[in-house]
Amino acid sequence: MAMGENKDELSGRSVPGTDSPKPGRNKYAMACSFLASTATILLGYDIGVMSGAIIYIRRDIPMTDVQLEVIMGILSLYSLIGSTIAGKTSDWLGRRHTINIAGVIFLFGAILMGFATNYAFLMVGRLFAGIGVGYAAMIAPVYTAELAPASSRGFLTSFPEVFINFGILLGYVSNYGFSKLPQRLGWRFMLGIGAVPSILIAVGVLAMPESPRWLVMQGRLGDARRVLDRTSDSVEESKERLEEIKESAGIPNDCNDEIVTAVKKHHGEGVWRDLFLRPTVKVRHVLLCAIGIHFFQQASGCDSVVLYSPEIFEKAGITSNNDKLLATVAVGFTKTIFILVATFLLDKIGRRPLLLSSVAGMILSLLCLGFGLTVIGRSDSKIIWAVALCVTSVLAFVAFFSLGMGPITLVYSSEIFPLRLRAQGYSMCVAVNRIISAIFSMTFLSLSKAITIGGSFFLYAGIAMIAWVFFYTLLPETRGRSLEEIENLFGTFSKWRSSQGAMTEKKRNQGTGFAEMENKANCSSNSGIPISELSEK
């Protein structure tokens, strides 16, 4: 019986020779991705908790507006140290141990912040917390992308963003809960309790396997094969993934020993040269897309909205600290709910439709927020509809952001780099992300004074418009492709659709060939002609 037809995941057209049902979620891969992604709670918690804790820190530790901006945004700069070192560390020690390092460093930073007695002491705590956050933000998406099967890679690789949002929500809830304590104790508990997730991460890592791609780079084919067997949707897929990884790592396909000598060294030698000094056309396209999506994620004002949400709500007319903290909890719940929705849509709808829809919604929300704040700023009395518009716009902004721009930035940039460049290439993207986050977080109050707070959000809306055009023009769809297939989508920049069409046509022709081979095999079994003779013919 000839094989049936399925629809191609990207084009929606039928591809002969693939009638196997879509596999369910691989529970082992899901559990490992879940554990690895908990590391990004550290980043989310710090963002969320500082937005409210700073209200009480300022009363206990006097600081100017500039110092406030610095203490809020400096973590992003400090995290550069962690994300830069993490790329090298993960190639040297492995992805799994790098996650453990992230938890230990943040643990130390959280304890220091909780016991801070002055501004300088607090800054030292922020330094260690930032390095830990940098490690976590870089390694969790890379580990998950390398472990996940293609059928659910978007779903699993979005886990780090889910946990960032969950961490933000925990930070907001922590602010509201500990705000009831005496002022001198409340903010210390808000910051110090961040040590708890670090301990849980260190324990959870013990149950995780190493990344199969890292194992292959070390020549440990046997270990990689066993991990792939458990994290793939079928034995056939496990074999295909191993062959693709071996090819990328320069190991001959017929080499199936348990341990081999890796043909290429992958501890970072030559990686920066191949990324910047002598990049191929494909690598240049990958770099442009990866750096671009991280730049626009932060330049569109997401961290400004989350970090300074109490200040935004105050400008909108909400003056009670209790009400402001409750409003931030609503922001956290909204982000968490919509990021969960996004995880189930990434592998069904695709990266591009979600990303473009998300950015369009963000643009509309930012324009409405800017308009509402401008109206309130020019009025001497409280305008209820403008207050409602501002609160609704903030919630809509974080909802649209979480639906696409938030998770897709991590998913997309972690899956498009070639194997040899992936760890350090992604660490560079995280570095860009953190630099832009720091710039916008550390200038928000000054920008608001210079062009008004409403004008700030009009500026963010303009940047988001440029982002939409950039994404539409340059970013190819990667849904349903293996990490090795994705490499072939890049290199033509704005003409990437021709590469995608050629790849889809090739898969269709291969499917037709497989179907014809099976028909011949069936005919031979019925007629008594040996299959080998048919193959020769």
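Treat the numbers as computed from the prediction; the structure is a model and nothing was measured.

Caption draft 1: Geometry of the overall build of the protein chain. Scanning the protein chain from N- to C-terminus turns up 25 helices and two strands. Sorting the 537 residues of the protein chain into buried and exposed places 57% on the buried side. Intrachain contacts of the protein chain at a sequence separation of at least 6 include 78% that bridge at least 24 residues. On the protein chain, roughly 21,400 Å² of surface is accessible, and the fraction owed to carbon and sulfur atoms is 66%.

Caption draft 2: Just the packing of helix α17 (residues 321-349) against helix α18 (residues 351-377), in detail. The interhelical angle for the contact between α17 and α18, taken along N-to-C directions, is 125°, at an axis separation of 7 Å. The orientation of α17 relative to α18 falls into the category oblique. Of α18, the residues touching α17 (which contributes Ala 342, Leu 345, Leu 346, Asp 347 and Ile 349) are Arg 351, Pro 353 and Leu 354. For the contact of α17 with α18, the class distribution of residues is six nonpolar, no polar and two charged.

Caption draft 3: Representation of unusual backbone geometry in the model. In the Ramachandran plot, Thr 452 falls in the positive-phi region, its phi being about 75° despite a non-glycine side chain. By secondary structure assignment, the location of Thr 452 is in the loop between α21 (444-451) and α22 (453-474). Residue Thr 452 is classed as partly exposed on the basis of its relative accessible area, which comes to 46%.

Caption draft 4: Fine view of the nonpolar core. Core analysis: the largest hydrophobic core is formed by 143 residues, its most contacted members being Ile 57, Trp 187, Phe 457 and Phe 471. Ranked by residues supplied to this core, first place goes to helix α5 (residues 119-147) with 14 residues. Contacts of Ile 57, omitting those with residues within four sequence positions, involve Met 50, Met 63, Leu 122, Trp 187 and Leu 191. Membership of the second largest hydrophobic core comes to five residues, among which are Ala 29, Ala 148, Phe 155 and Phe 159.

Caption draft 5: Examining a nonpolar patch on the surface more closely. On the surface, Leu 367, Phe 371, Trp 385, Phe 458 and Met 465 cluster together into a nonpolar patch covering about 490 Å² of accessible area. Of all elements in the fold, only α18 and α22 reach the threshold of two or more residues within the nonpolar patch. Along the chain, Met 465 turns up in helix α22. Classification of Met 465 as partly exposed rests on a relative accessible area of 41%.

Caption draft 6: Structural detail: the packing of helix α2 (residues 41-60) against α5. Two elements in contact, α2 and α5, have axes whose closest approach is 10 Å; the angle formed by their N-to-C orientations is 155°. As far as their axial angle goes, α5 and α2 are roughly antiparallel. Along this stretch, α2 crosses α5, giving a crossing that reads as left-handed. On α5, the residues touching Leu 42, Leu 43, Asp 46, Met 50 and Ile 57 of α2 are Leu 122, Arg 126, Val 133, Ala 136 and Ala 137. A breakdown of the residues in the contact of α2 with α5 according to their chemical character gives eight nonpolar, no polar and two charged.

Caption draft 7: Structural view of the packing of aromatic side chains. Following the criterion strictly, the structure yields 17 aromatic pairs and no others. The interplanar angle of 90° and the centroid separation of 6.5 Å between the aromatic rings of Phe 34 and Phe 159 together place this pair among those described as edge-to-face. Within this pair, whereas Phe 34 is found in helix α1 (residues 27-37), its partner Phe 159 is found in helix α7 (residues 159-178), the two being separated by 125 residues in sequence. Accessibility expressed as a relative area gives 43% for Phe 34, which makes it partly exposed. Pairing Phe 457 with Tyr 460 gives two aromatic rings, centres 5.6 Å apart and planes at 80°, and the pair type is edge-to-face. With a gap of three residues between them, Phe 457 and Tyr 460 both fall in helix α22, about one helical turn apart. As far as the burial class goes, Phe 457 and Tyr 460 line up, both buried. Aromatic rings pair up to connect Phe 34, Phe 155, Phe 159, Phe 163 and Phe 344 into one cluster. Directly above the ring of Tyr 176 sits Lys 180, whose terminal nitrogen or CZ lies 4.4 Å from the centroid. Note that Arg 230 overlies the ring of Tyr 28, its terminal NZ or CZ placed 3.8 Å from the centroid.

What counts and what doesn't
Residues numbered from 1 in each chain as written. Predicted model: local features only at pLDDT ≥ 70, side-chain atom pairs only at ≥ 80, totals over all residues. Heavy atoms only, no water. Helix = DSSP H or I, 4+ residues; strand = E, 2+ residues; numbered from the N terminus. Buried < 20%, exposed > 50% of the residue type's maximum accessible area, 1.4 Å probe, protein only. Contact = heavy atoms within 4.5 Å. Areas by Shrake-Rupley, 256 points an atom, 1.4 Å probe, with all protein chains shown as cover. Axes fitted to C-alpha atoms, helices over the stretch in contact; angles between N-to-C directions. Parallel < 35°, antiparallel > 145°, perpendicular 65-115°, else oblique. Nonpolar A, V, L, I, M, F, W, Y, C, P; charged D, E, K, R; others polar. Core = buried A, V, L, I, M, F, W, Y, C linked by side-chain atoms within 4.5 Å. Patch = residues over 30% accessible without salt bridge, like charges linked within 9 Å, V, L, I, M, F, W, Y side chains within 5 Å. Salt bridge = Lys/Arg side-chain N within 4 Å of Asp/Glu carboxyl O. Left-handed = near helix turned anticlockwise from the far one by under 90°. Phe/Tyr/Trp six-rings, centres within 6.5 Å; stacked < 30°, edge-to-face > 60°. Lys NZ or Arg CZ within 6 Å of the ring centre and 35° of its normal.

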